[in-house]
Amino acid sequence: PKKIRSQPTWIIMRLPIILIQLLAIHQSSGQLNEDDRVDEYHARNHHWPPLPSDYTPQNAGWRSIFERRFQQTAQLNDIGAKYNAYMSTVHSALLAPNFTEFGWGLARAPSDLVEALLTDLKRGLASDSTPEEYHEWPVDHEYPEELPLMVSIGGLDRRAMRELKPIHEAWSGVELIANNA
């Protein structure tokens with residue numbers, strides 16, 4: 001009679017081969033070593049620091065704001081905070097589209113909506129039961145000790161979404177689908 005191996009035995013016997021195959025796949029997955037990465041960076045015509053023509057929009061005021069932000073970011077000591085700051089600043093200064101000559105456009109919200117929001121905010125701040133936002137990270141320069149207060153605005157979030165949607169649609173030229181506020 002033919003002997004049939006149990007499934008666990010087969011897996012244990014094949015495990016070294018499977019691990020070697022996975023390692024080979026990982027090594028051949030197209031990852032570049034640092035020298036190759038830098039060569040590819042230059043081959044794609046990337047450069048640092050950014051040129052004046054790299055900023056979006058290309059005007060002196062915008063460039064000045066973000067050149068200062070890049071200088072501030074370079075001074076950070078915490079490597080994680082520095083990475084996060086560079087990612088955010090590169091995105092804002094060089095990558096994200098701006099929809100007006102001043103970056104993001106400004107519009108007035110309906111005054112009765114603003115008044116209702118302001119009333120709820122003042123009532124919430126005057127209340128003794130306004131909770132602080134909860135956090136689980138250590139307090140440092142990136143995460144300050146004093147956190148925002150969470151003020152309940154009741155159903156005003158839905159009202160704001162409903163009343164502001166046409167303003168956003170007119171500005172963007174796109175019909176929007178309400179999601180959350």
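Residues numbered from 1 in each chain as written. Predicted model: local features only at pLDDT ≥ 70, side-chain atom pairs only at ≥ 80, totals over all residues. Heavy atoms only, no water.

(A) Representation of the packing of helix H3 (residues 60-74) against helix H4 (residues 79-95) within the structure. Two elements in contact, H3 and H4, have axes separated by 10 Å at closest approach and are oriented at 170 degrees. The angle between H3 and H4 places the two elements in the roughly antiparallel class. Contacts from Trp62, Phe66, Arg69, Phe70, Thr73 and Ala74 in H3 reach Lys82, Ala85, Tyr86, Thr89, Val90, Ser92, Ala93 and Leu94 in H4. For the contact of H3 with H4, a count of residues per class yields nine nonpolar, three polar and two charged. (Axes fitted to C-alpha atoms, helices over the stretch in contact; angles between N-to-C directions. Helix = DSSP H or I, 4+ residues; strand = E, 2+ residues; numbered from the N terminus. Parallel < 35°, antiparallel > 145°, perpendicular 65-115°, else oblique. Contact = heavy atoms within 4.5 Å. Nonpolar A, V, L, I, M, F, W, Y, C, P; charged D, E, K, R; others polar.)

(B) Looking closely at helix H2 (residues 34-43). Two or three places before Asp35, at the start of H2, stands the capping residue Asn33, its side-chain oxygen 3.1 Å from that residue's backbone nitrogen. Residue Asn45 follows H2 closely and has a positive phi angle near 70 degrees. (Polar contact = N/O pair within 3.5 Å; in protein donor to acceptor, adjacent residues only side chain to side chain.)

(C) The arrangement of helix H6 (residues 156-172) in detail. Its 17 residues give H6 an end-to-end C-alpha distance of 23 Å, which sits within 8% of 24 Å, the value for a rise of 1.5 Å per residue. At Leu164, H6 is bent by approximately 40 degrees, the largest bend along its length, and proline Pro166 sits one to four residues beyond. Within H6, the full set of buried residues consists of Leu156, Arg159, Ala160 and Met161. Here the buried face of H6 lies against helix H5 (111-126). Positive backbone phi, approximately 75 degrees, marks Gly173, located one or two places after H6. (Expected span 1.5 Å × (residues − 1). Bend = angle between axes of the 7 residues up to and from the residue. Buried < 20%, exposed > 50% of the residue type's maximum accessible area, 1.4 Å probe, protein only.)

(D) Molecular detail of the nonpolar core. Core analysis: the biggest nonpolar cluster contains six residues, these being Tyr55, Trp62, Phe66, Phe70, Ala93 and Leu94. Per-element tally for this core: the top contributor is H3, with three residues. (Core = buried A, V, L, I, M, F, W, Y, C linked by side-chain atoms within 4.5 Å.)

(E) Focus on the side chain of Thr73. Along the chain, Thr73 turns up in helix H3. Other than its neighbours up to four places away in sequence, Thr73 contacts Lys82, Ala85, Tyr86 and Thr89.

(F) Local environment of the packing of H5 against H6. One way to put it is that H5 packs onto H6 with a least axis distance of 11 Å and a crossing angle of 160 degrees. In terms of axis orientation, H5 runs roughly antiparallel to H6. As for the relative orientation of H5 and H6, their crossing is left-handed in sense. Along the contact surface, H5 presents Asp112, Leu113, Ala116, Leu117 and Asp120, while H6 presents Leu156, Arg159, Ala160, Glu163 and Leu164. Residue classes in the contact of H5 with H6 are distributed as six nonpolar, no polar and four charged. (Left-handed = near helix turned anticlockwise from the far one by under 90°.)

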